[in-house]
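# Remarks on the overall topology
What follows is the residue order along each chain.
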Amino acid sequence: MNKILIANRGEIALRIMRSAKEMGIKTVAIYSEADRNAVFVKYADEAVLMGPPPSNQSYLLADKIIKICKELNVDAVHPGYGFLSENADFARALHKAGIILIGPSPEAMTIMGDKLSAKAAVKSYGIPMVPGTDEAITDIEAAKEISLEIGYPILIKASAGGGGKGMRVVENPKDFVEQMNLAVSEATSSFGNGAVFIERYVGSPRHIEIQIIADNHGNIVPLFERECSIQRRHQKVIEEAPSSVLTPELRKEMGEKAVDVARAVKYSGAGTVEFLLDENLDFFFLEMNTRLQVEHPVTEMITGLDLVKEQIKVASGEKLSFTKDDIKLNGHAMEVRVYAEDPKNNFLPDIGTLKVYEPPRGIGVRVDDGFEEGMEIPIYYDPMIAKLITYGKDRNEAIERMIRAIDDYKIVGIETTLPFCKFVMQHEAFTSGNFDTHFVAKYFTPEVLRGDNSDKEIAAMMSALLIDEASNKVKFSTSENINTVSDWRKNRM
Ligand code: MV4
C-alpha cells in the first residue's frame, strides 16, 4: 500500500495522515473551500479541492473521490468517522473500482446499520439483549400485548435510527397505541424506514463499548472497553478507558461477546460493539459501529496500539501481529471533546477566530486537533475543535492531569466546552465513578459555571471595563488593574 486518500477533514484526517507517514505511505487530502488553509491540507503529500463548503458538495462526493483515486493512483481510502465512513454504497463502489476501503465489508456495514438486522445477525451467538421484540412491529394490538409481558416502562425504537434519534419512552400502557403511531410516522419521515420495535426501558444505564480489531484471516481481538456515559443529548462529551465499574470477569465476558458479534458478520478492521450496563451490572447488546470512533485514542493509550496502523495493516491483508493474550491493560486514559460551544448558553455553537490557541503539553497529555492559532472555526461542520486526552497510572492521576491540562489550554476568541469538562472532572459523582447516562441532566446547569468567575473571566471583564473607562479618558495601569481585580475578588469572597 503506497498511497491512501483520507476522505475526511480536521483532527481525524491529520491523525490518520501521521500514522500513514510513519508507515512510509503517501497521503492524499480532499478538502472544501472552507478548509483551504487547514492543517490537514498542508500536511498531506497531495491535496485536491472538492468544491464549496457544504458536505454534500465536498466530503460526501463519492464518485468524485473515486475519480481522484484513479487519477492519483490511490491504493486505499480511509473514511475516518462520519461522512461516508458507514456508507455501504461507497464501500461497494470502491470495491468495484478496485480501490481498498480501510474498513469492513459493505455487507457488515449494511447488517449493523439497521438495529433489527443487527439483532437478528447476533441472536444465534447468545448475545444478551434487552427483553423486547426482534421483528418490526406490524400489528399494534399484538405489540401492546407483548409490551405488557415485557413490562413498563418500555422504549419504542426505530430500526433505522441511531444516536438516540427515533426513540420514545412509554411509561403507561394507555399511551402505547398513540406513541406507537407517532414513532412509526417519525421513523418514516426521519429515516425513510418506518420499522420500529420495542424493548424494556433500562432506567439508569451506563454506556460501555468494546473495541475490537479483526483481520481477514479469522483473528479477532478484543481491546478492552471504553465508558462513554457522560453524554449531552446523545453527544459524547467525556470518554475513558477502562471503565471505573467493570470487574476483570465482566471485562473478559463482554470482550468475548463483542468478538462473537464481530464474527457473526465476518467483520474486518476496527469496530466497536456498544452495550448498555444496568445497575445490576447486567449488560445488553445495543449496536455495532463499523468505523473508527472519535474516542479511539483512549484505547490506544491503555494498550499502546496505534489503531489506524492496525486498520491499514489489516486492509493490506496482513494477519494481526498479536493475540488477545499479548494485549495488556495499562493505566487509565480520559478524553474530553472540546467543542466550539458555549456551555453557559445552552451549548450554543460559537463561531469565530482562534485569536489565541495554545494546547496543553507535558507528560501524559495528547491533543488530537486540526487547528492553529489565527484559524477560523468553519460553521459548516461538526463544531469539535479538539480531543484532549490524558493518561495516568490510574483513574485519579488521569483526572488530575485532565484538570491541569484543561487549565493550561489557552483558547481566546471563542467559547468552548472546556469549563463544562472541568466541572465534570471535579464532580463527586464522576470522581467516585457513581454516574450513568443521566449525569448531565442530573447535575449540570449553566449556573454552576457562572458562579465561579475565574481570574481569567474577571480580567476579561475588567479589560472590558477599562476599554469603557478609556473612552472617558480615565487610564488605569495594568498593575493597578490587577490590584483592582484582586480587591474585587476579595470583596466577593
Ligand atoms: C436504551 C436505553 C434504555 N433502555 N435502550 C441511546 C442511543 C442508542 N445508542 C441507544 N440508547 C439507549 N437505548 C433501552 N432498552 C437508553 C439509551 C440511552 C443512552 C444509551 C447509551 C448512552 C447514552 C444514552 C442516553 C440516552 C438514552
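Residues numbered from 1 in each chain as written. Predicted model: local features only at pLDDT ≥ 70, side-chain atom pairs only at ≥ 80, totals over all residues. Heavy atoms only, no water.

### Remarks on the environment of His-234
- Position of His-234 among the secondary structure elements: in the loop between strand 10 (220–232) and strand 11 (235–241).
- Residue classification places His-234 among the partly exposed positions, given a relative accessible area of 47%.
- In this structure the C-alpha to C-alpha distance between His-234 and Lys-165, which are 69 residues apart in sequence, comes to 8.5 Å.
- The residues contacting His-234, other than those within four sequence positions of it, are Gly-163, Gly-164 and Met-167. (Helix = DSSP H or I, 4+ residues; strand = E, 2+ residues; numbered from the N terminus. Buried < 20%, exposed > 50% of the residue type's maximum accessible area, 1.4 Å probe, protein only. Contact = heavy atoms within 4.5 Å.)

### Considering the domain arrangement of the chain
- Here the chain is described as being made up of domain 1 (3–102), domain 2 (131–200), domain 3 (210–330) and domain 4 (338–493).
- For domain 2 and domain 3, the distance between their C-alpha centroids amounts to 29 Å. (Domains from an automatic or database assignment.)

### Quick look at the sheet that holds strand 5 (residues 100–101)
- The strand order across the open sheet formed by 5 strands is 3-2-1-4-5, and the pairing between neighbours is parallel. A single partner strand is all that each edge strand has here, and the edge strands are strand 3 (46–51) and strand 5.
- Alignment of strand 2 (residues 26–32) against strand 3, held across 5 bridges, turns out to be parallel. Counted as the bridge partner of Ser-32 is Gly-51 from strand 3.
- Strands in contact with helix 1 (residues 10–22) are strand 1 (3–6), strand 2 and strand 4 (76–78); relative to strand 1, the strand with the most contacts, it is inclined by about 170 degrees. (Pairing = 2+ DSSP bridges. Axes fitted to C-alpha atoms, helices over the stretch in contact; angles between N-to-C directions.)

### A look at the sheet that holds strand 6 (residues 154–162)
- Within the open sheet, the 3 strands sit side by side as 7-6-8. Their pairing is antiparallel. For this open sheet the edge positions go to strand 7 (165–170) and strand 8 (196–200), each flanked by a neighbour on one side alone. Strand-to-strand, the axes of this sheet are offset by a mean angle of 25 degrees, without reference to chain direction.
- Most of the contacts of helix 7 (residues 140–150) go to strand 8, to which it runs at about 20 degrees, and overall it touches strand 6 and strand 8.

### With respect to the pattern of salt bridges
- Taken as a whole and assessed by the stated rule, the structure comprises 37 salt bridges.
- Across the salt bridge formed by Glu-274 and Lys-236, the nearest N and O atoms sit 3.9 Å from each other. Residue Glu-274 is located in strand 12 (residues 269–277), and its partner Lys-236 is located in strand 11; the two are separated by 38 residues in the primary sequence.
- Assessed through its relative accessible area of 8%, Glu-274 is described here as buried. (Salt bridge = Lys/Arg side-chain N within 4 Å of Asp/Glu carboxyl O.)

### Considering the nonpolar core
- Core analysis: the biggest nonpolar cluster contains 104 residues, and Leu-5, Phe-40, Leu-388, Phe-420 and Phe-430 have the highest contact counts within it.
- With residues near it in sequence (within four places) discarded, Phe-40 still touches Asn-8, Arg-9, Gly-10, Ala-13, Leu-14, Met-17, Ala-29, Ile-30, Tyr-31, Asp-35 and Tyr-59.
- Formed by 27 residues, the second largest nonpolar core is a distinct cluster that contains Met-112, Val-122, Ile-220 and Met-254. (Core = buried A, V, L, I, M, F, W, Y, C linked by side-chain atoms within 4.5 Å.)

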